[in-house]
Amino acid sequence: MLYLKRVVVQAVGGLHGYISLQWQAKERQWRIKTMTRTNNKPACTAQSGSSGSGPPDLVLRLSGRWSLAEQRPALSEVVAEVDASGHKTLRFDVDALQSWDTGLLIFVRSCQDWAEAQGLICELADLPEGVQNMVSLSREVPKNRNMPEKQVRDWLSGVGEHSIGMFDGLMRYFTFTGELVLDLFAFLTGRAQMRRKDCLFILQNTGAMAVPIVALLSFLTGLIIAFIGVIQLQKFAADIYVADLVGLAMTRELAAVMAGVIMAGRTGAAFAAQIGSMQVNEEVDALTTFGISPMQFLVLPRVIAMVLMMPLLCVCANLVGILGGMVVAVGIADVTLVQYINQIDSAVSTTDFAVGVFKSAVFGVIIAMAGCYRGLYCGKDAASVGLAATSAVVTAITWIVIADAVFAVLFHILGI
Amino acid sequence: MEPSTEKISVKDLSMAYGDFVVMRSLNFSVKRGEVKVIMGGSGCGKSTLLKHMIGLERSSSGEIFYDGELFRPDATAGDAFCRRFGVLFQGGALWTSMTVAENIALPLESYTRLRASEIREVVEFKLSLVGLAGFGHRYPSELSGGMRKRAGLARAIALDPQILFFDEPSAGLDPLSSRRLDDLILELRAALGATVVVVTHELASIFAIADSALFLDAETKSALCDGNPNDLIDDPTVDSKVRNFLKRGELDQATAPAIK
């Protein structure tokens, strides 16, 4: 019996001991956890400290990790209930400070500003040396107060300024065109400064290298027109006239316009980006200082190359477009190969062909001028090169369409 | 040497562009808190070495360790590993379509969770460190070359990096600005406790800031020596090429016959 009692007592005692041990351990863990949590968190308390004789110092007690990654208290919260009038000096107590980075530095700086506003002397000597160095370094050069004032304008002056800007732009464009014409004369009389090699390289780039894409798109255009035409014409059993449709549409209009749009996107944008980045790198300025005209050296070869190559591309587009129409005509309409060719021959006159080729040369000038103009008047940063390329394409395509419309009216009046 | 004092160690690093070998099996280390200068003649591969160290170029062989940890540029792009680096590029390399303040704010916005007002405060502080307080609203194109460089430095220290890399910090600066930048590098090193790697061939800077200097030689495609430049210059055991470099070619002039 006694034995049993002892066992029970021991068991109860052991259990109690185990439980209390566990409990203590848990409590300790919890205490450590909360301690570290409260200790790590950056905190700041303001209190009055004695400084021997005279008024007491205002002491800011910093603790925890003062890093940007932590949520740091703002100075306005810390000093919300502080009466600064009884103090003369602001000091820091960093015994509990664990680590710091820019987070503490900006806090100390705001303390300095606050102390100055309150008429206190801000004493940094207690702070870590790195903090003192960085803060004093940041105060070395006074803030630049020379800010450009934001001018608020009424809408009328805005409109006026915009109009003047547009007028200036227009004048600049006229100057550019005039200079180009003079440089063309210089070229024709053999006085232009440009390198043969550049010229040939640009010719190759704008001509031969563009043939595949122009051919592909023209072929598909011819195909589409023929297809739409055949479906309509078959209703009248007039399949053969698909040749007239394709032939006239391609030679008079589409070959030139298609080639123009493709070249605007392909080459016009490239011109603007090339010359624009040369402008950013001050390469254009370097040309000017050597007395080499950027107009003659950069713009002229590009304009000449486009004027020479666009008609050739247009001829190529004509040929391939008519070929595309032929595939549809022979394939799905009741037209033989010989019939198609004969019909094209009778429908398309040399004048029609010449009109298209002439227009393409004009489009070439438009594309080259738009690209070079945007490039030359490009700004000095990366974004403006992109802007120059974009607006070169938009300008070129807009002017191509406008010029095409003018030509349509003109040729109608002239009876061509 | 205690391993923990080594911040960066480069082991057997070979650099090449295609078949063209720039440097063969480089071995050196940078101690914590030290200013290491990589010097050498123009075109010897100083900047290439820097680009390898920050992961912009891939080495043909060899390894780079940071704090004993292998640097794998492909695996660590953009994570905490790379945030240890602050890089000042030769021309500043500020993003021209943003204001100076936005340039410095971008890394803070990308890598910290600060409120907009805090970011403004940090940006203004970093700018004041490099003496550009109040210039935040300007665009890089509205700054002078020296200011652009200092703004680039403010951006490099935006995230409190442990290692600062400088590519030709004094290139294109007048002697006074260049001196100020050198002082700034030393002050930032002292204040941040950062390790600094500088690529330069400016002798004045080398003697002013270097704790140790690595000399790269284009002919032998290797590092000729590694040590404090003030000791190297008068040490007869050091390769004469290095001493000649540090003395601006005076050794050559002394031995070569006078030009008539």
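Please refer to the structure placed before this passage.
Described in the following lines is the structure provided in the data block.

Criteria and thresholds
- Numbering of residues starts from 1 in every chain and runs along the sequence as written.
- Labels are handed out in written order, letters beginning with A for the chains and numbers beginning with 1 for the ligands.
- Residues qualify for local features only when their pLDDT is at least 70, as the model is predicted, and side-chain atom pairs are given and counted only at 80 or more; totals for whole chains, interfaces and linings, by contrast, use all residues.
- In computing side-chain properties, one takes all heavy atoms of the structure into account and sets aside hydrogens as well as water.
- A run of H or I in DSSP becomes a helix once it reaches four residues, and a run of E becomes a strand once it reaches two; helices and strands are each numbered from the N terminus.
- Throughout, radius of gyration means the C-alpha value; the globule benchmark is 2.2 Å times the number of residues raised to the power 0.38.
- For every residue, the accessible area (1.4 Å probe, protein chains only) is compared with the maximum for its type, and the residue is labelled buried under 20%, exposed over 50%, or partly exposed between those bounds.
- By the convention used here, residues are in contact when the closest approach between their heavy atoms is within 4.5 Å.
- Here, Shrake-Rupley sampling with a 1.4 Å probe gives the accessible areas, and only protein chains in the shown set may cover a residue.
- In this count, Lys and Arg are taken as positive residues and Asp and Glu as negative ones, while His and the chain termini are left out.
- All charge positions are set by atom: Lys at NZ, Arg at CZ, Asp at CG, Glu at CD.
- Side-chain atoms within 4.5 Å are what join buried Ala, Val, Leu, Ile, Met, Phe, Trp, Tyr and Cys residues into a set we call a nonpolar core.
- In protein, a polar contact requires one atom able to donate a hydrogen and another able to accept it; more generally it is a pair of N or O atoms within 3.5 Å, and residues adjacent in sequence count only if both atoms are side-chain atoms.
- Strand pairing requires that DSSP identify at least two bridges connecting the strands.
- A helix is expected to span 1.5 Å for every residue after the first.
- To get an axis, fit a line to the C-alpha atoms, keeping to the stretch in contact for a helix; angles then go from 0 to 180 degrees between the N-to-C directions.
- Just to be clear on terms, a salt bridge is a Lys or Arg side-chain nitrogen sitting within 4 Å of an Asp or Glu carboxyl oxygen.
- For classification, angles of less than 35 degrees are called roughly parallel, those exceeding 145 degrees roughly antiparallel, those between 65 and 115 degrees roughly perpendicular, and all remaining angles oblique.
- Handedness of a crossing follows from how the near helix is turned relative to the far one, being left-handed for an anticlockwise turn of less than a right angle and right-handed for a clockwise one.
- In this classification, Asp, Glu, Lys and Arg are treated as charged, Ala, Val, Leu, Ile, Met, Phe, Trp, Tyr, Cys and Pro as nonpolar, and every other residue, Gly included, as polar.

### Quick word on the overall build of chain B
Step number 1: Scanning chain B from terminus to terminus reveals 10 helices and 10 strands.
Step number 2: The C-alpha atoms of chain B give a radius of gyration of 19 Å, which matches the 18 Å a tight globule of 260 residues would have.
Step number 3: C-alpha extents for chain B along the principal axes are approximately 65 × 45 × 35 Å.
Step number 4: Taken over 260 residues, chain B has a buried fraction of 50%.
Step number 5: By sequence separation, contacts in chain B at least 24 residues apart represent 63% of the contacts at least 6 residues apart.
Step number 6: With the model as given, the accessible surface of chain B reaches about 11900 Å², and the carbon-plus-sulfur share is 50%.
Step number 7: Averaged over its 30 positive side-chain charges, chain B has a centre that lies 2 Å from the centre of its 35 negative ones.

### Here we look at the nonpolar core
Step number 1: With 79 residues, the main nonpolar core has Leu62(A), Met39(B), Leu153(B) and Leu246(B) as its most contacted residues.
Step number 2: No other element matches the 8 residues that helix α3 (residues 102-118) of chain A contributes to this core.
Step number 3: Each residue touching Met39(B), except ones within four places of it in the same chain, is listed here: Lys46(B), Thr200(B), Ile206(B), Ala213(B), Leu214(B), Phe215(B), Leu216(B), Leu232(B), Val242(B), Phe245(B) and Leu246(B).
Step number 4: With 70 residues, the next largest nonpolar core counts Leu233(A), Ala255(A), Ile262(A) and Cys314(A) among its residues.

### Quick look at the side chain of Glu118(B)
Step number 1: Mapped onto the secondary structure, Glu118(B) falls in helix α4 (residues 116-129).
Step number 2: Here the side chain of Glu118(B) touches Arg72(A) through a polar contact of 3.0 Å, side chain to side chain.

### Here's the deal with the pairing of strand β1 (residues 6-17) of chain B
Residues and elements named next belong to chain B.
Step number 1: Where β1 and strand β2 (residues 20-31) come together, 8 bridges link them in antiparallel fashion. Bridging across to β2, Ala16 finds its partner in Val21.
Step number 2: Adjacent in sequence and paired antiparallel, β1 and β2 are bridged by 2 residues, among which Gly18 carries a positive phi angle near 60 degrees.
Step number 3: Pairing geometry for β1 and strand β4 (residues 61-66), over 5 bridges, is antiparallel. When the sheet's bridge partners are listed, Ser14 is paired in β4 with Ser61.

### Notes on helix α7 (residues 211-233) of chain A
Step number 1: Taking 1.5 Å per residue as the helical rise, α7(A) with its 23 residues ought to reach 33 Å, and the 32 Å between its terminal C-alpha atoms agrees with that figure.
Step number 2: Where α7(A) is buried, its residues meet α8 (242-280) and α10 (294-332) of chain A.

### A look at the sheet that holds strand β5 (residues 69-70) of chain B
Residue and element names in this part refer to chain B.
Step number 1: Read from one edge to the other, the open sheet built from 4 strands follows the order β2-β1-β4-β5, with strand pairing classed as antiparallel. Pairing within the sheet leaves two strands with one partner each, and these edge strands are β2 and β5.
Step number 2: Lying over the sheet, helix α1 (residues 46-53) contacts β1, β2 and β4, oriented at roughly 120 degrees with respect to β1.

### Details of the environment of Gln193(A)
All names here are of chain A.
Step number 1: You can see Gln193 is positioned in the loop between α5 (155-188) and α6 (196-206).
Step number 2: Relative accessible area serves as the criterion here: at 35%, Gln193 is assigned to the partly exposed category.
Step number 3: Measuring from C-alpha to C-alpha, the distance between Gln193 and Leu300 comes to 9.3 Å, with 107 residues separating the pair along the chain.
Step number 4: Apart from the residues lying within four places of it in its own chain, the contact partners of Gln193 are Gly291, Ile292, Ser293, Gln296 and Phe297.

### Side note on the pattern of salt bridges
Residue and element names in this part refer to chain B.
Step number 1: Using the criterion set out here, one finds 21 salt bridges over all chains in the structure.
Step number 2: Among the salt bridges present, the one from Arg189 reaches Asp211, with a minimum N-O distance of 2.9 Å. Here the residue Arg189 occupies a position in helix α6 (residues 175-192), and Asp211 occupies one in the loop between α7 (203-209) and β9 (212-217), the gap between them amounting to 22 residues.
Step number 3: By relative accessible area, Arg189 is classed as buried at 18%.

### Topic: the packing of α8(A) against helix α13 (residues 382-414) of chain A
How two helices sit against one another is set out by the angle between their axes and by the gap between those axes.
Residues and elements named next belong to chain A.
Step number 1: Orientation of α8 relative to α13, taken along the N-to-C sense of each, is 150 degrees, at an axis distance of 8 Å. The angle between α8 and α13 places the two elements in the roughly antiparallel class. Where α8 crosses over α13, the two elements pack in a sense that is right-handed.
Step number 2: Class assignment of the residues belonging to the contact of α8 with α13 gives a composition of 16 nonpolar, 5 polar and 3 charged.

### As for the pairing of β4(B)
Step number 1: In terms of strand pairing, β4(B) meets β5(B) through 2 bridges, oriented antiparallel. When the bridges of β5(B) are listed, Phe65(B) appears paired with Leu70(B).

### Digging into the interface of chain B and chain A
Step number 1: In this assembly, 25 residues from chain B lie in contact with 24 residues from chain A.
Step number 2: Here chain B is connected to chain A by 1 salt bridge.
Step number 3: Between Glu118(B) and Arg72(A) there is a salt bridge whose closest N-O contact spans 3.0 Å.
Step number 4: Applying the counting rule to chain B against chain A returns 5 residue pairs in polar contact (both at pLDDT 80 or more).
Step number 5: When contributions to the side of chain B that touches chain A are tallied by element, the ones reaching two or more residues are α4 and α6 of chain B.
Step number 6: For the side of chain B that touches chain A, the element with the highest residue contribution is α4(B), accounting for 8 residues.
Step number 7: Grouping the amino acids of the side of chain B that touches chain A by side-chain chemistry returns 10 nonpolar, 6 polar and 9 charged.

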